[in-house]
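# Descriptive analysis of the structure
Residue strings, one per chain:
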Amino acid sequence: MTYDIAVQAEGLVKDFGEVKALDGIDLTVPRGQVVGLLGPNGAGKTTTVRILSTLLKPTAGRATVAGFDVVRQPDEVRRAIGLTGQYAAIDEYLTGRENLRMFGDLYHLAPKYVKERSAELLEWFDLTEAADRPARTYSGGMRRRLDLAASLIAQPSILFLDEPTTGLDPRSRLGLWGVIENLVKAGTTVLLTTQYLEEADQLAQDIVVIDHGRVIAQGSAEQLKDQIGGDRVEVTVADPQAIPRAVEALAAVSGSEAKVDDLRVSAPVSGGSTVLVEAIRALDARDVVVTDLQLRRPTLDDVFLTLTGHTAEDEAPPPATQGRRGRRRGGKDA
Amino acid sequence: MSTLTTATPVAMSRPLWGWTIHDGLVVARRNLIQTVRVPELLFFSIVQPVIFVLLFAYVFGGAIPIPGDTASDAYRQYLMPGIFGQTVAFAAASSTVGLAEDMHKGLIDRFRSLPMAPPAVLIGRTLADAARQVLVLFVLTLTGFLVGWRINNGLLDAIYAYALLLLFAYTVAWIGAWIGLYMPNPETANTAGLVWLFPMTFLSNAFVPLASLPTWLQYIAAWNPISALVLATRELFGNPTGMGGDDFWPLQHPQFYTVASCVVLIAIFSTLSVRRYRRTTSR
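Residues numbered from 1 in each chain as written. Chains lettered and ligands numbered in written order. Predicted model: local features only at pLDDT ≥ 70, side-chain atom pairs only at ≥ 80, totals over all residues. Heavy atoms only, no water.

### Observations concerning the overall build of chain B
The number of helices and strands found in chain B is 13 helices and 0 strands. Seen in sequence order, chain B has helices and strands lined up from the N terminus as α-α-α-α-α-α-α-α-α-α-α-α-α. Computed over C-alpha atoms, the radius of gyration of chain B comes to 21 Å, within 12% of the 19 Å expected from 2.2 N^0.38 for 283 residues, which places it in the range of a compact globule. Counting every position in chain B, which comprises 283 residues, the buried fraction comes to 55%. Within chain B, counting contacts between residues at least 6 apart in sequence, those at least 24 apart form 82% of the total. Carbon and sulfur atoms make up 70% of the accessible area of chain B, which totals about 12200 Å². Here chain B carries 17 positive and 13 negative side-chain charges, and the mean point of each set is 14 Å from the other. (Helix = DSSP H or I, 4+ residues; strand = E, 2+ residues; numbered from the N terminus. Rg over C-alpha atoms; globule rule 2.2 N^0.38 Å. Buried < 20%, exposed > 50% of the residue type's maximum accessible area, 1.4 Å probe, protein only. Contact = heavy atoms within 4.5 Å. Areas by Shrake-Rupley, 256 points an atom, 1.4 Å probe, with all protein chains shown as cover. Lys, Arg positive; Asp, Glu negative; His and termini not counted. Charge placed at Lys NZ, Arg CZ, Asp CG, Glu CD.)

Given below as structure tokens:
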């Protein structure tokens, strides 16, 4: 297996009857990298992953994974990938160890290897103690870990993680992030979908933002933040009467117009933290009493809001065009 | 990852269809482990036919005369192969419900993302459901002995009879699997998996002699494969057959007709099921 591009998608379209889930997705994941697919519910993240992992056939467009065409060579693709979906895909009546054995057998791996690898994965995911208990007795976090372990049984070179931490408590989420970081260090390519900006920021070198089945932005977290302008100085005033003077002060510091939002006044700046000193001087000179003053770096939330007009956690607003009714039917296909 | 020291796995390469039996058995093992983990389900699937034996033997038994056999326990001798036939037919319902449940779980996505033989999920389901009937038949046989039923022919004939019953169980499991693939949810499967089984098992010679049915029904019942199965096992166990003289062709060759209809039905429903499975799973 020699390839530099682990995942390549060109113009992926997927219709579910009248509903257009994907409307021409282009995507490239270089080998050994983590790419984050970021978007709200219904944006098309899961549909994209399902096509790339051979679970769905695209209506149009093509995609290769590990150099193999997902439609024409699904068996080759399946040998190269691991998939962890939004719902723990394990058998809850089987024990953790029995689950891993079953999946290892279905990958047609040597029984001795499956046995050793299962023990290793159980240890690694801190499931050794629970290994011989039916999975239905596991907590949500344990199920997710077993699910991820199952997708690693054959040491796939490419891993698809569909919202791997949705529904997990913060501690489990951090634990899973650590696991993913380790996998990447060992050379695994990861395509990760998430609606948590923080997660994409933390794990992915490259972020692809999708909405309504289209790619609307792409780049590193830093590049995306730059797209909506750099830092802003933000001041909260004590007295509404002081707002015009605060606007004047910030405009003087930034050289461009200041924005007012309730008691908060902000303006784009460059030059790092020295502008804070300038801002304090300018405000003081105009007798503005401030309750809060900060230099705010844009978050991916700001990026998302700027790009899509809604935040990532919101449901996508109803599409304006005809014929897209019910595009979010069945959250699973979102 | 540095803690993982295992050597790179060697996936044995062979065309995927060559793994069909292997993968089917892996899935069957999973389904049988489930049976052990939910003993309640197994318990009730055994209790139900046992109750049927007791009800029929003691409630209806006296009211149904068996042509050609006037012994007082003739109906019980006659009944047991009928109960065997009905019981294995109901294996289909567990295939329907089991597959409907599987198809609505995240697990099916993992199966489909594995390089496994596509029919394995169906083969594993039908094999496990048929295999479970071994235990059910064993308990039923003991119950039969308790109510006075006897195996009158040799051991080989009896083994042959049980083999026919299991073949039939495997056959109806495929029909059940096919129905399960069309079910929108497991609750519907619970009902739909059973409805067709009642007419199928009652429109036969399982509980009453064919001669007691209206003529037009006799035709239907005679060509119903379950009649041939039940007649074949009655003959093999050496129990009263309840047959008159004017026999229908399938009932003149019950063993042949049983095996032939099983082979044809498996061929039809496994093909339909695999096609349906592929279509549902790759929209």
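### Remarks on the overall build of chain A
Regarding its fold elements, chain A presents 11 helices and 14 strands. In chain A, which comprises 334 residues, the share counted as buried stands at 53%. Of the contacts made within chain A by residues no fewer than 6 positions apart, 67% connect residues no fewer than 24 positions apart. Within the structure as shown, chain A displays about 14500 Å² of accessible surface, and the carbon and sulfur contribution to it stands at 48%.

### Some details on the pairing of strand β2 (residues 19-30) of chain A
In terms of strand pairing, strand β1 (residues 5-16) of chain A meets β2 of chain A through 9 bridges, oriented antiparallel. Residue pairing in the sheet places I5 of chain A in a bridge with P30 of chain A of β2 of chain A. (Pairing = 2+ DSSP bridges.)

### Here we look at the confidence of the model for chain A
Residue and element names in this part refer to chain A. Summary statistics for chain A give a mean pLDDT of 85 and a share of 90% for residues scoring 70 or more. When the elements of chain A are averaged for pLDDT, helix α11 (residues 300-308) gives the smallest value, 73, and helix α3 (residues 96-106) the largest, 95. Note on residues 315-334: pLDDT is under 50 here. Beyond four places in sequence and across chains, it has 42 contacts. (pLDDT = per-residue confidence, 0-100.)

### Observations regarding the domain arrangement of chain A
In terms of domains, chain A is made up of domain 1 (5-226) and domain 2 (230-296). Using C-alpha coordinates to define each centre, domain 1 of chain A is positioned 44 Å away from domain 2 of chain A. (Domains from an automatic or database assignment.)

### Notes on the sheet that holds strand β13 (residues 264-268) of chain A
All names here are of chain A. Spatial ordering of the open sheet is given by β12-β13-β11-β14, a layout of 4 strands whose pairing is antiparallel. Each having just a single partner strand, β12 (259-261) and β14 (290-296) make up the two edges of the open sheet. Averaged over all pairs of adjacent strands, the angle between strand axes in this sheet comes to 20 degrees, irrespective of strand direction. Here 5 bridges tie strand β11 (residues 232-237) to β13, and the two strands are oriented antiparallel to one another. Note on β13: the bridge partner recorded for E234 is S266. Along the sheet face, helix α9 (residues 243-254) touches β11, β12 and β13 and points at about 15 degrees away from the line of β13. (Axes fitted to C-alpha atoms, helices over the stretch in contact; angles between N-to-C directions.)

### Some remarks on the nonpolar core
Membership of the largest hydrophobic core comes to 129 residues, with the highest contact counts inside it found for F125 and I207 of chain A together with F84, F111 and F168 of chain B. Looking at this core element by element, the count peaks at 13 residues for helix α7 (residues 155-180) of chain B. With 33 residues, the next largest nonpolar core counts A9, L12, A80 and I210 of chain A among its residues. (Core = buried A, V, L, I, M, F, W, Y, C linked by side-chain atoms within 4.5 Å.)

### Points about α9 of chain A
All names here are of chain A. Between its first and last C-alpha atoms α9 spans 16 Å; for 12 residues at 1.5 Å apiece the expected length is 16 Å, and the two agree. All of the buried residues along α9 are I243, A246, A249, L250 and V253. For α9, the angular spread of buried residues about the axis comes to 120 degrees, placing them on one side. Set apart from the buried face of α9 by more than 90 degrees, the exposed residues are P244 and A252. Of the surrounding secondary structure, the elements contacted by the buried residues of α9 are β11, β12, β13 and α10 (274-285). (Expected span 1.5 Å × (residues − 1). Arc of directions from axis to C-beta.)

### Description of a nonpolar patch on the surface
Together, I51, L54, L55, Y58, V59 and F60 of chain B make up an exposed nonpolar region whose accessible area comes to about 570 Å². A relative accessible area of 56% means that V59 of chain B is categorised as exposed. (Patch = residues over 30% accessible without salt bridge, like charges linked within 9 Å, V, L, I, M, F, W, Y side chains within 5 Å. Salt bridge = Lys/Arg side-chain N within 4 Å of Asp/Glu carboxyl O.)

### As for the sheet that holds strand β5 (residues 68-69) of chain A
All names here are of chain A. Taken together, the 4 strands give an open sheet; going across it, the order is β2-β1-β4-β5, and neighbouring strands pair in antiparallel fashion. Either end of the sheet is taken by a strand with one partner, and the two such strands are β2 and β5. Of the strand pairs in this sheet, β1 and strand β4 (residues 60-65) are connected by 5 bridges, and their pairing is antiparallel. Its bridge partner lying in β4, V7 is registered against V65.

### A look at the side chain of D162 of chain A
Residues and elements named next belong to chain A. As for its position among the elements, D162 is in strand β7 (residues 158-162). Buried and without a salt bridge, D162 has K45 as its closest oppositely charged side chain, separated by 6.6 Å. Of the polar contacts made by the side chain of D162, one reaches the side chain of T46; its length is 3.0 Å. Side-chain polar atoms of D162 contact the side chain of T193, separated by 2.6 Å. Contact partners of D162, with chain neighbours within four places excluded, come to T46, V49, T84, G85, Q86 and T193. (Polar contact = N/O pair within 3.5 Å; in protein donor to acceptor, adjacent residues only side chain to side chain.)

### A closer look at the packing of α9 of chain A against α10 of chain A
All names here are of chain A. Two elements in contact, α9 and α10, have axes whose closest approach is 9 Å; the angle formed by their N-to-C orientations is 140 degrees. Relative to α10, α9 is oriented so that their crossing is right-handed. Contact residues: α9 offers A246, A249, L250 and V253, while α10 offers V275, E278, A279, A282 and L283. When its residues are assigned to classes, the contact of α9 with α10 shows 8 nonpolar, no polar and 1 charged. (Left-handed = near helix turned anticlockwise from the far one by under 90°. Nonpolar A, V, L, I, M, F, W, Y, C, P; charged D, E, K, R; others polar.)

### So, the packing of helix α3 (residues 74-89) of chain B against helix α6 (residues 120-146) of chain B
Residues and elements named next belong to chain B. Between α3 and α6, the least distance of the axes is 11 Å, while the angle of their chain directions is 160 degrees. Judged by the inter-axis angle, α3 sits roughly antiparallel to α6. The crossing of α3 and α6 is right-handed. Across the interface between the two elements, M80, I83, F84, T87 and V88 from α3 touch Q133, V136, L137, L140, T141 and G144 from α6. By residue class, the composition of the contact of α3 with α6 is 7 nonpolar, 4 polar and no charged. (Parallel < 35°, antiparallel > 145°, perpendicular 65-115°, else oblique.)

### Here's the deal with helix α1 (residues 45-52) of chain A
Residues and elements named next belong to chain A. Among the 8 residues in α1, 8 count as buried, and that is most of the element. All buried positions along α1 are accounted for by K45, T46, T47, T48, V49, R50, I51 and L52. One or two steps after α1, the chain reaches T54, where phi turns positive at roughly 70 degrees.

### Here's the deal with the environment of V259 of chain B
Residues and elements named next belong to chain B. If you trace the backbone, V259 turns up in helix α13 (residues 254-282). Its relative accessible area of 31% is what places V259 among the partly exposed residues. Along the chain, V259 and N153 lie 106 residues apart, while their C-alpha atoms are 21 Å from each other. When sequence neighbours within four positions are dropped, the list of residues in contact with V259 reads L164 and L167.

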